[in-house]
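# Coordinate inspection notes
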Amino acid sequence: MTLQTFWAGQGCMILQPYDVEMGAGTFHPATALRALGPRPWRAAYVQPSRRPKDGRYGENPNRLQHYYQFQVILKPAPRDVQDIYLNSIRAIGIDPLHHDIRFVEDDWESPTLGAWGLGWEVWCDGMEITQFTYFQQVGGFDCDPVSAELTYGLERLAMYVQGVESVYDLAYNEQFRYGEVFHQPEREFSAYDFEYADISILSRHFEDAENECRSLVGAGLALPAYDQCIKASHCFNLLDARGVISVTERAAYIARVRALAKSCCEAWLASPQGAYEPRIA
Amino acid sequence: MPDLLLEVFSEEIPARMQAGGARELERLLVGALSDRGLLFEAAKSFAGPRRLTIAVAGLPAKQPDVSEERKGPRVGAPGKAIEGFLRSAGITLDQCVKQSDAKGEFYVAVIQRAGRATEDVLAEILPAVLDQMIWPKSMRWNAGIARWVRPLHSILCTLDGEVVPFEYAGIRSGNITRGHRFMSPANIEVRRFEDYRQKLADAFVVLDVAQRKDIVEHESRQKAFALGLEVIDDSALLDEVAGLVEWPVPLVGRIDDAFMDLPPEVLQTSMRTHQKFFALRGTAQERLANRFVVVANIAAADGGSEIVAGNERVLRARLSDAQFFWDQDRRRPLAARLSELGSVVFHARAGSMLDRVHRIESVAAVLARDFGFDQAKCVRAAQLAKADLVTGMVGEFPELQGTMGRYYALNDGEEPEVANAIGDHYRPLGPNDRVPSEPVAIVVALADKIDSLATLWRAGEKPTGSKDPFALRRAGLGIIRIILENTLRIRLAPTLLVPLAAARNNEADAAAGETAAREIVAELLGFLADRLEVALRGEGTRHDLINAVFSLGGEDDLVRLVARVRALGRFLESPDGANLLAAYRRAVNIVKIEEKRDGCSYQGQPDPDLLELPEERTLFAALATAHETILAELAHERFKEAMRTMAGLREPVDRFFENVTVNVADRVLRKNRLLLLSRLREVMHTTANFSRIEG
């Protein structure tokens, strides 16, 4: 909430999570697609992120297959974006004079999105609290202007602020703990991700999404096409977690998703990119 | 003499790129200065998390004046030619000088070019220098086409205390810099280098990386000492940490006792890769202590206790992840993981990791048999050597491959020799790493490298120039060191064929495959001979001697090869050896010249009945005896003796050259004498190819 207020104060629209499963907030069209093209953009939102491979059956106090990211995208990247960012962590109670804040090299790359950027992971006393990236390319297209993307791991931050050792011990409010909401899902989804997800159904879903994406791109419908691209990506992540993809196949799957992402980005760039003229009555 | 100070201030530069960035900037600047005749006394560059700095001392105030002479037309040449010349030189006729040479008198234009002020030259070259900077990775940041490693914020540039005005990436140069991001965020005005260094230190920035490293080393050592501990040296980590902080403050934290049962390598790797912590140990023992050193970038008001607590908490999280892998991995024995290796690709043209394991097993079986080592243990270790690649821990920390295999094998109840062989089979990892010395470890380490060398070579991955993506040179050197340092007798050619035969099993054309395999082995032996030259060069063995022995062909036993090379070296150093070499060259030269003249080759036995002179007969007899003796001695690997026998040829050869004329009119006699000399070459070549010897 503090983060939302802070970034709203920086001129960001507070958007809602996107309703398709995705591995990271970057996949939200408000970041992936809006980072392309010349139009300015400032948005912040929470995005549930699903990473089937990170499932630990609820036994690991720090790893989850489903967690929340708070994502900020600033286009073009302001010159003093590092300072603005530092103010955001001051706002949530981290005083850089009492803690050891560091910008440690961490270049970001998403082979499935055909995207990359340079930046850092921000450390607070040795803990990574934010990913900070200057987007250089998405879908193989140069980002011009360059956007700054900030991704906060909400559970991590909350653990830090509340000083707890296990994510499940976080207090959701005075009455409920995080574990009461998410421990059972972690157990069940880990079992699904690693043991029960039906391989043939997933492979079919992947192909369906791939075909649908292609035909939608053909129809010039960038946004619905992109939904299919994210779906294909999630199917691939599930198949990967099931351990049924060999190294060579893995590279081929990634290349297929990247091809979809590229064609969606191309379609997006050919579209009005969200331009809207209010009608004068 | 004016001094130049240049500081390029940016957002955080990756630690691993700082030193290279400073070097590159210095190289470009020094090059640009000397190109423009600006010679200086000294230049020094500095790198830190947010800045690259160069101080150039003793620059001239301006460029030297240059006078350039340009030769024009002859005196009395047509008016148009003279006019054109004057126009191009920008002078009038009375400013021209007349000079004469052999062809007559001509005009010369002497153009004086006054040197420009250093400040002006700098303002011109600096944007170009910054523009030429190449980083391993660079980015755009909405400042036009400029690229830097991270966004630039300011450029400080003064000459003799005054700002050198220029602009790069939309930033105007000035005399302002900034101190520590949090402890001293205000602007700092600077004139000269000394004042710059001091003001930065006051603003909590240590400019020089060497000094930052000193502080880290010294203070962590002191803090460890106070606890009766010592810091485990890690120079790569020290380099990295010194690139992550402007104001280093080492702090000691505690590792939760619950994790002290994890293998020490796991603790150390986890602390190092994820958290950049230094590990500590007791002064008198090898055991890891339950403490670590973290280097903060800030002197916090509470003495760093919150920072330590935070770092301890993160470490607990990291180690509980490691603990999860450790517990999880030990639930399934290595042997049960083999099938998973089938889905791990080793190389697109060299099959899966499981195929590789099968090949290593067959090589290990052959080696164990040849060396007389315990074959069952060797094969078992080879079979399990790669199984840790599919464990969770090695997935997380690839650098623990082998190490984890050893622990898991012990946990599975494998024999200690088998477990140690798994742990050591990647060795030697570099020229300074130790070589395995236990029998089973020797076999698996050797089999591993023989397989990767042979199959990757076959897959077309031979090293070329600076490219060696699969580190085949290292594998080659590893093979050589393991063999020589353990004095192992092994015929390499048939051994190299083993993995190739296994890799060939599923190919259609067996005959063609076999020919190809033999060609590969021949190439590999040449490659290993090259590597051997490199390996022995360090100890002063001449490469031409290796070549002289190796080029005889058929020698693929490295221990024997080296023994021969050494015997040959000693022989050539003796007077007999040096003399015989001279005689050999004389003989070979004569034969070569005559062969060329006659257009034929003189090879074969001379006819004993045609030997006229006593010296001919003596040499003939000496060659016959020597040949027989040398062959017998070589067969028994008595190389020293073989060389001594050869030394005995010196006298008859010298006598022969003193008293016998080879090129006589009698063609039959001449031919017979040439055959005798050619025979000398043949006999000598049984020990080494003397034509390859240099000097």
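Residues numbered from 1 in each chain as written. Chains lettered and ligands numbered in written order. Predicted model: local features only at pLDDT ≥ 70, side-chain atom pairs only at ≥ 80, totals over all residues.

## Concerning the overall build of chain A
Here is the rule: Numbered from the N terminus, helices here are DSSP runs of H or I no shorter than four residues, and strands are runs of E no shorter than two. Only C-alpha atoms enter the radius of gyration; for comparison, a globular chain is expected to reach 2.2 Å times N to the power 0.38, where N is the number of residues. For every residue, the other C-beta atoms within 10 Å of its own C-beta are counted; 20 or more classify it as buried, 12 or fewer as exposed, and values in between as partly exposed. C-beta atoms are placed from the backbone.
For chain A, the count of helices and strands is eight helices and nine strands. Scaling as 2.2 N^0.38, a compact globule of 281 residues should have a C-alpha radius of gyration of about 19 Å, and chain A matches this with 19 Å. Projected onto the principal axes, the alpha-carbon positions of chain A cover approximately 55 × 55 × 45 Å. In chain A, buried positions account for 43% of the 281 residues.

## Brief notes about the overall build of chain B
The criterion, for reference: Whether two residues are in contact is decided by their C-beta atoms, placed from the backbone, lying within 7 Å.
Along its length, chain B carries 25 helices and 16 strands. For chain B, whose C-alpha radius of gyration is 37 Å, the value lies well above the compact-globule estimate of 26 Å for 695 residues. With respect to the three principal axes, the spread of C-alpha positions in chain B is 100 × 100 × 55 Å. Within chain B, the fraction of its 695 residues that count as buried is 40%. Of the contacts made within chain B by residues no fewer than 6 positions apart, 67% connect residues no fewer than 24 positions apart.

## Section: the sheet that holds strand 13 (residues 229-231) of chain B
All names here are of chain B. We count it as follows: Two strands make a pair as long as DSSP finds a minimum of two bridges between them. To obtain an axis, a line is fitted to C-alpha atoms, over the contacting stretch when the element is a helix, and the angle between two such axes runs from 0 to 180 degrees between their N-to-C directions.
A sheet is described by the order of its strands in space; here four strands give the open sequence 13-15-16-14, paired in antiparallel fashion. Looking at which strands have only one partner, the edges of the open sheet turn out to be strand 13 and strand 14 (249-254). Here the strands of the sheet are splayed against their neighbours by 35 degrees on average, with no regard to which way each runs. With three bridges connecting them, strand 15 (residues 278-282) and strand 16 (residues 288-296) associate as antiparallel partners. Within the sheet, the bridge partner assigned to Phe278 lies in strand 16 and is Val293. Relative to the sheet, helix 7 (residues 264-275) contacts strand 15 and strand 16, its axis offset from that of strand 16 by approximately 5 degrees.

## What to know about the interface of chain B and chain A
Put simply, an interface is often sized by how much accessible area is lost when its parts join up. The criterion, for reference: Classification used: nonpolar for Ala, Val, Leu, Ile, Met, Phe, Trp, Tyr, Cys and Pro, charged for Asp, Glu, Lys and Arg, polar for all others including Gly.
Contact with chain B, which involves 34 residues of that partner, is made by 33 residues of chain A. Of all the secondary-structure elements, those providing two or more residues to the side of chain B that touches chain A are strand 16 and helix 8 (305-329) of chain B. Residue contributions to the side of chain B that touches chain A peak at 11 residues, all from helix 8 of chain B. Its residues assigned to classes, the side of chain B that touches chain A shows 17 nonpolar, seven polar and 10 charged.

## Describing helix 19 (residues 543-550) of chain B
With six of its eight residues buried, helix 19 of chain B lies for the most part within the structure. Within helix 19 of chain B, burial applies to Leu545, Ile546, Asn547, Ala548, Val549 and Phe550 of chain B.

## Quick look at the environment of Phe277 of chain B
All names here are of chain B. One can find Phe277 in the loop between helix 7 and strand 15. With 27 C-beta atoms counted inside 10 Å, the residue Phe277 sits in the buried group. Along the sequence, Phe277 and Pro250 sit 27 residues apart, while their C-alpha atoms lie 9.9 Å from each other. Apart from residues lying up to four places away in sequence, Phe277 is in contact with Met271, Arg272, Phe292, Val293 and Val294.

## Points about the sheet that holds strand 5 (residues 97-101) of chain B
Residue and element names in this part refer to chain B. Strand order in this open sheet of three strands is 4-6-5, and the pairing throughout is antiparallel. Strands with a single pairing partner mark the edges of an open sheet, and in this sheet they are strand 4 (66-74) and strand 5. With direction set aside, neighbouring strand axes in the sheet form an average angle of 35 degrees. Pairing of strand 4 with strand 6 (residues 104-113), which is carried by seven bridges, proceeds in the antiparallel orientation.

## A closer look at the domain arrangement of chain A
All names here are of chain A. Formally: In this entry, domain limits derive from an automatic or database-based domain assignment.
The domains assigned to chain A are domain 1 (2-194) and domain 2 (198-270). Taken over C-alpha atoms, the centre of domain 1 sits 23 Å from the centre of domain 2. Each partner contributes to the interface: domain 1 provides 23 residues, whereas domain 2 provides 21 residues.

## Description of the packing of helix 20 (residues 558-573) of chain B against helix 23 (residues 639-647) of chain B
All names here are of chain B. Applied cut-off: Handedness of a crossing follows from how the near helix is turned relative to the far one, being left-handed for an anticlockwise turn of less than a right angle and right-handed for a clockwise one.
The interhelical angle for the contact between helix 20 and helix 23, taken along N-to-C directions, is 35 degrees, at an axis separation of 9 Å. The chirality of how helix 20 crosses helix 23 is right-handed. Contacts from Ala563, Arg564, Ala567, Leu568 and Phe571 of helix 20 reach helix 23 at Phe639, Lys640, Met643 and Ala647. Looking at side-chain class alone, the contact of helix 20 with helix 23 contains seven nonpolar, no polar and two charged residues.

## Description of the nonpolar core
In plain terms, the rule: Remark: nonpolar core denotes a set of buried Ala, Val, Leu, Ile, Met, Phe, Trp, Tyr and Cys residues whose joining runs through C-beta atoms within 7 Å.
Judged by nonpolar contacts, the single largest core of 251 residues is most densely connected at Cys264 of chain A together with Ala364 and Val444 of chain B. Among the elements that take part in this core, helix 15 (residues 439-458) of chain B stands out by supplying 13 residues, more than any other. Once residues lying within four places of it in the same chain are set aside, the contact partners of Ala364 of chain B are Cys378, Val379, Ala382, Val443, Val444 and Ala447 of chain B.

## Some words on the confidence of the model for chain B
We apply this condition: A residue's pLDDT is simply how confident the predictor is in it, with values from 0 to 100.
Averaged over every residue, the pLDDT of chain B is 90; the share at 70 or more is 99%. Interface confidence for the predicted complex, given as ipTM, is 0.89, next to a pTM of 0.77.

## Some remarks on the packing of helix 13 (residues 403-411) of chain B against helix 14 (residues 416-424) of chain B
Residue and element names in this part refer to chain B. Note the following rule: To sort the angles, those under 35 degrees are grouped as roughly parallel, those over 145 as roughly antiparallel, those from 65 to 115 as roughly perpendicular, and the leftovers as oblique.
Contact geometry of helix 13 with helix 14 gives a least axis separation of 7 Å together with a crossing angle of 165 degrees. In this view, helix 13 runs roughly antiparallel relative to helix 14, as classed from their interaxial angle. Relative to helix 14, the crossing made by helix 13 is right-handed. Contacts between helix 13 and helix 14 pair Thr403, Gly405, Arg406, Ala409 and Leu410 from the former with Val418, Ala419, Asn420, Ile422 and Gly423 from the latter. By residue class, the composition of the contact of helix 13 with helix 14 is five nonpolar, four polar and one charged.

## A look at the domain arrangement of chain B
What the domain assignment reports for chain B is domain 1 (4-62 + 117-202), domain 2 (66-113), domain 3 (209-329), domain 4 (335-562) and domain 5 (574-692). Taken over C-alpha atoms, the centre of domain 2 of chain B sits 74 Å from the centre of domain 4 of chain B.

## Focus on unusual backbone geometry
Here the bond from Lys75 of chain A into Pro76 of chain A is cis, since omega is -5 degrees, no more than 30 degrees from zero. Turning to its location among the elements, Pro76 of chain A is positioned in the loop between strand 3 (66-75) and helix 3 (81-91). Cis geometry is adopted by the peptide bond preceding Pro145 of chain A, which originates at Asp144 of chain A and carries an omega value of 5 degrees. Looking at where Pro145 of chain A falls in the secondary structure, it is placed in the loop between strand 8 (141-142) and strand 9 (148-153). Of note in the backbone geometry, Gln273 of chain A takes a positive phi value of approximately 55 degrees without being a glycine. Here Gln273 of chain A lies in the segment after helix 8 (247-270). Residues other than glycine seldom take positive phi values, yet Asp160 of chain B does so here, at roughly 55 degrees.

## Side note on the pairing of strand 15 of chain B
Bridge analysis of strand 13 of chain B against strand 15 of chain B gives three bridges, and the strand direction is antiparallel. In the sheet register, Val231 of chain B faces strand 15 of chain B, and the bridge partner there is Leu280 of chain B.

## Things to note about the environment of Ile298 of chain B
Structurally, Ile298 of chain B is set in the loop between strand 16 and helix 8. Ignoring anything within four residues of it in the chain, the contact list for Ile298 of chain B reads Asp100 of chain A together with Phe182, Met183, Trp247 and Val249 of chain B.

## Some points on the confidence of the model for chain A
Close reading of the predicted structure is inappropriate where its pLDDT is low. When pLDDT is averaged across chain A, the result is 91; 98% of the residues are at 70 or more. Taking the mean pLDDT of every element in chain A, the minimum, 88, falls on helix 4 (residues 154-162) of chain A and the maximum, 95, on helix 3 of chain A.

## Comments concerning the environment of Leu453 of chain B
All names here are of chain B. Residue position: Leu453 is located in helix 15. In this structure Leu453 comes out as buried when scored by C-beta crowding, with 26 C-beta atoms within 10 Å. Along the sequence, Leu453 and Arg332 sit 121 residues apart, while their C-alpha atoms lie 31 Å from each other. Setting aside residues no more than four positions away along its own chain, Leu453 makes contact with Leu472, Ala475, Gly476, Ile479 and Leu524.

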